[in-house]
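Analysis of the macromolecular model
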Protein chains: 2
Amino acid sequence: MNSGVSEDMYVLELARRRKSVRAYASSPIELGDVLYALRAAIQAPSGANQQPWRFIIITDPEVKARVRRVCEEGERKFYASVRGELRRWLDERGFTWRKPFLTEAPVLVAVFADMHKPYAVQSTWLAIGYMLLALEERGLSSLTYTPPNPGEVARTLGAPRGYMLQVLIPVGRSRDQRPKEPRKSLEEVAYVDSWSKRLSDVLS
Amino acid sequence: MNSGVSEDMYVLELARRRKSVRAYASSPIELGDVLYALRAAIQAPSGANQQPWRFIIITDPEVKARVRRVCEEGERKFYASVRGELRRWLDERGFTWRKPFLTEAPVLVAVFADMHKPYAVQSTWLAIGYMLLALEERGLSSLTYTPPNPGEVARTLGAPRGYMLQVLIPVGRSRDQRPKEPRKSLEEVAYVDSWSKRLSDVLS
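Rules used in this analysis
- Residues numbered from 1 in each chain as written.
- Chains lettered and ligands numbered in written order.
- Predicted model: local features only at pLDDT ≥ 70, side-chain atom pairs only at ≥ 80, totals over all residues.
- Heavy atoms only, no water.
- Helix = DSSP H or I, 4+ residues; strand = E, 2+ residues; numbered from the N terminus.
- Buried < 20%, exposed > 50% of the residue type's maximum accessible area, 1.4 Å probe, protein only.
- Contact = heavy atoms within 4.5 Å.
- Areas by Shrake-Rupley, 256 points an atom, 1.4 Å probe, with all protein chains shown as cover.
- Lys, Arg positive; Asp, Glu negative; His and termini not counted.
- Charge placed at Lys NZ, Arg CZ, Asp CG, Glu CD.
- Salt bridge = Lys/Arg side-chain N within 4 Å of Asp/Glu carboxyl O.
- Polar contact = N/O pair within 3.5 Å; in protein donor to acceptor, adjacent residues only side chain to side chain.
- Patch = residues over 30% accessible without salt bridge, like charges linked within 9 Å, V, L, I, M, F, W, Y side chains within 5 Å.
- Pairing = 2+ DSSP bridges.
- Axes fitted to C-alpha atoms, helices over the stretch in contact; angles between N-to-C directions.
- Parallel < 35°, antiparallel > 145°, perpendicular 65-115°, else oblique.
- Left-handed = near helix turned anticlockwise from the far one by under 90°.
- Nonpolar A, V, L, I, M, F, W, Y, C, P; charged D, E, K, R; others polar.
- Least-squares fit on C-alpha atoms with pLDDT ≥ 70 in both.
- Phe/Tyr/Trp six-rings, centres within 6.5 Å; stacked < 30°, edge-to-face > 60°.
- Lys NZ or Arg CZ within 6 Å of the ring centre and 35° of its normal.

**Quick notes on the overall build of chain A**
Within chain A one finds 10 helices and six strands. Expressed along its principal axes, the backbone C-alpha trace of chain A runs to roughly 55 × 45 × 40 Å. Out of the 204 residues belonging to chain A, those deemed buried represent 57%. Long-range pairs, those at least 24 residues apart, make up 79% of the contacts in chain A with a sequence separation of at least 6. In the form shown here, chain A has an accessible surface area of approximately 8700 Å², with 48% of it arising from carbon and sulfur atoms. Seen as two clouds, the 31 positive and the 24 negative side-chain charges of chain A have centres 6 Å apart.

**Observations regarding unusual backbone geometry**
Positive phi outside glycine occurs at Gln51(A), with the angle close to 45°. Structurally, Gln51(A) can be placed in the loop between helix 3 (31–41) and strand 1 (53–58). Given the relative accessible area of 4%, Gln51(A) is considered buried. Unlike most non-glycine residues, Asp193(B) shows phi in positive territory, near 70°. Looking at where Asp193(B) falls in the secondary structure, it is placed in the loop between strand 5 (190–192) and strand 6 (194–198).

**Considerations on the side chain of Lys19(B)**
Residue and element names in this part refer to chain B. Along the chain, Lys19 turns up in the loop between helix 2 (10–17) and helix 3 (31–41). Buried charge without a partner: Lys19 forms no salt bridge, and the closest opposite charge is Asp176, 4.5 Å away. At 2.8 Å, the side chain of Lys19 forms a polar contact with the backbone oxygen of Asp176. Within the local environment of Lys19, its side chain forms a polar contact with the backbone oxygen of Arg178, the two atoms lying 2.2 Å apart. Aside from chain neighbours lying at most four places away, what touches Lys19 is Ser142, Asp176, Gln177, Arg178, Pro179 and Lys180.

**Things to note about a nonpolar patch on the surface**
On the surface, a nonpolar cluster with roughly 210 Å² of combined accessible area is contributed by Val202(A), Leu203(A) and Leu31(B). Tracing the backbone through its elements, the reader meets Leu203(A) in helix 10 (residues 199–203).

**Regarding the sheet that holds strand 6 of chain B**
The six strands lie next to each other as 3(A)-4(A)-2(A)-1(A)-5(B)-6(B), forming an open sheet whose pairing is mixed. For this open sheet the edge positions go to strand 3 (141–142) of chain A together with strand 6 of chain B, each flanked by a neighbour on one side alone. In this fold helix 3 of chain A packs onto strand 1, strand 2 (107–114) and strand 4 (163–172) of chain A, with an angle of close to 175° to the strand it touches most, strand 1 of chain A. Set on the sheet, helix 7 (residues 120–137) of chain A makes contact with strand 1, strand 2, strand 3 and strand 4 of chain A; between it and strand 4 of chain A the angle comes to about 10°.

**A word on the packing of helix 7 of chain A against helix 7 (residues 120–137) of chain B**
The relative placement of two packed helices comes down to the angle between their axes together with the axis-to-axis distance. The N-to-C vectors of helix 7 of chain A and helix 7 of chain B enclose an angle of 50°; their axes lie 7 Å apart at closest approach. Classed by the angle they form, the pair helix 7 of chain A and helix 7 of chain B counts as oblique. Crossing hand, helix 7 of chain A versus helix 7 of chain B: right-handed. Contacts from Val121(A), Gln122(A), Trp125(A), Leu126(A), Ile128(A), Gly129(A), Tyr130(A), Leu132(A) and Leu133(A) in helix 7 of chain A reach Val121(B), Gln122(B), Trp125(B), Leu126(B), Ile128(B), Gly129(B), Tyr130(B), Leu132(B) and Leu133(B) in helix 7 of chain B. Taken together, the residues of the contact of helix 7 of chain A with helix 7 of chain B break down into 14 nonpolar, four polar and no charged.

**Points about the relation of the copies chain A and chain B**
The two copies are related by a screw motion: chain A maps onto chain B through a turn of 180° and a shift of 0.0 Å along the axis, at an RMSD of 0.0 Å. Taken together, the rotation angle and the small translation identify this as a two-fold axis. Comparing interface residues between copies, 97% of those in chain A also sit at the interface in chain B, which points to an isologous, same-surface contact.

**Thoughts on the packing of aromatic side chains**
In total, this model carries 13 aromatic pairs over all chains according to the counting rule given. For the ring pair Phe78(A) and Tyr79(A), a centre distance of 5.4 Å and an interplane angle of 90° mean the geometry is edge-to-face. With centroids separated by 5.0 Å and ring planes inclined at 80°, the aromatic side chains of Phe112(A) and Trp195(B) adopt a geometry described as edge-to-face. In this pair, Phe112(A) sits in strand 2 while Trp195(B) sits in strand 6, so the two residues belong to two different chains. Each of the two residues, Phe112(A) as well as Trp195(B), counts as buried. Members of the aromatic cluster, connected to one another through ring pairs, are Phe112(A), Tyr163(A), Tyr191(B) and Trp195(B). Above the face of the Trp97(A) ring, Arg76(A) is positioned so that its terminal group lies 3.8 Å from the ring centre.

**Details of the sheet that holds strand 1 (residues 53–58) of chain B**
Taken in spatial order, the six strands make up an open sheet running 6(A)-5(A)-1(B)-2(B)-4(B)-3(B), and their pairing is mixed. If you trace the sheet from one side to the other, it starts and ends with strand 6 (194–198) of chain A together with strand 3 (141–142) of chain B, each paired once. Here strand 2 (residues 107–114) of chain B runs beside strand 4 (residues 163–172) of chain B; their pairing, made up of eight bridges, is antiparallel. Bridging from a neighbouring strand, Val107(B) pairs with Val171(B) of strand 4 of chain B. Seen against the sheet, helix 7 of chain B touches strand 1, strand 2, strand 3 and strand 4 of chain B and runs at an angle of roughly 10° to strand 4 of chain B.

**Describing the pairing of strand 2 of chain A**
Residue and element names in this part refer to chain A. Along strand 2, eight of the eight residues are buried, which leaves the element largely enclosed by surrounding structure. Summarising the sheet, strand 1 and strand 2 pair through six bridges and their orientation is antiparallel. By the bridge assignment, Trp53 is partnered in strand 2 with Ala113.

See the structure below:
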């Protein structure tokens, strides 16, 4: 490991292996594994090193149930209004206003950003990237679930004004059989020196 | 490695080791290492799997010089106006409008977000988190540099309307002697079940 770091391609392996999981075994997980992922997250860079992220680790079934109820109220309204391409995308996957993973997963992590800090949203999501890879390393699945009514969820959790809920991350063991959603190739999203020069033109 | 994943704490090790680097050796790096990091980045989750990220890998010295010039014009205006706490933070570190790392680093990666996609900024910064850890794994240093005039930089690079420049990431070998900026402890930023219950109350 120590000597072979550059050979290992371990981060890429974790990144490839990780998929968004919407069905969880309710078996408990080690709190230490969640803390491990948060310890990685808080090492991320941030605007003027202001570390705008805050985390609530939720394990209490009553709190999870309350969060789920608030989210599902928001989702009902969202699903009643959503149309077009996004609606088709959701329907194809069988997604509805029901979010059972919010109570099913043994742990939910609510992530907030202090909106008074520079680049608060950007910094917090960068840290979330660290967190997801660290969870995957521990064999734990996750989902970046963004409720349509984050303000209501934040109030439910007692967040002070100015701290915006960014995401709810269920964490646990997957029982989701779906494959990972496919990704575009690097050639479709990367250019060289300017937007007019495709990576594929350079590599071939 | 394969059997000992949960023992290794490798992601945390990378996260801890990585620091923001503002001085680079100009020695060339392997393009393959940059592509490796981008391959990890594009595995990130995104809103409705829309993969809103786009990357320009800049190695041409003329393009880097042009980008630096545009950024420094923006920085001069920014430094002429910035006051208060942020100004103090910048001055303490000796930061000025000069951004030599933009031409010094052998590679610059410009990262854009397609603002028509859901959660475009959030998804793109999550992917940037993956990217930074993958670069660190390859022994490459980086900086998430956000110019004050991203629109002008985007035009310089020929980005179509709707794609917003999120960050310029110099990539190379560090010659920055400064230590990593300190981080708050996990106990300062994490709560359990609600904002009123500190992690330290639960762990002790």
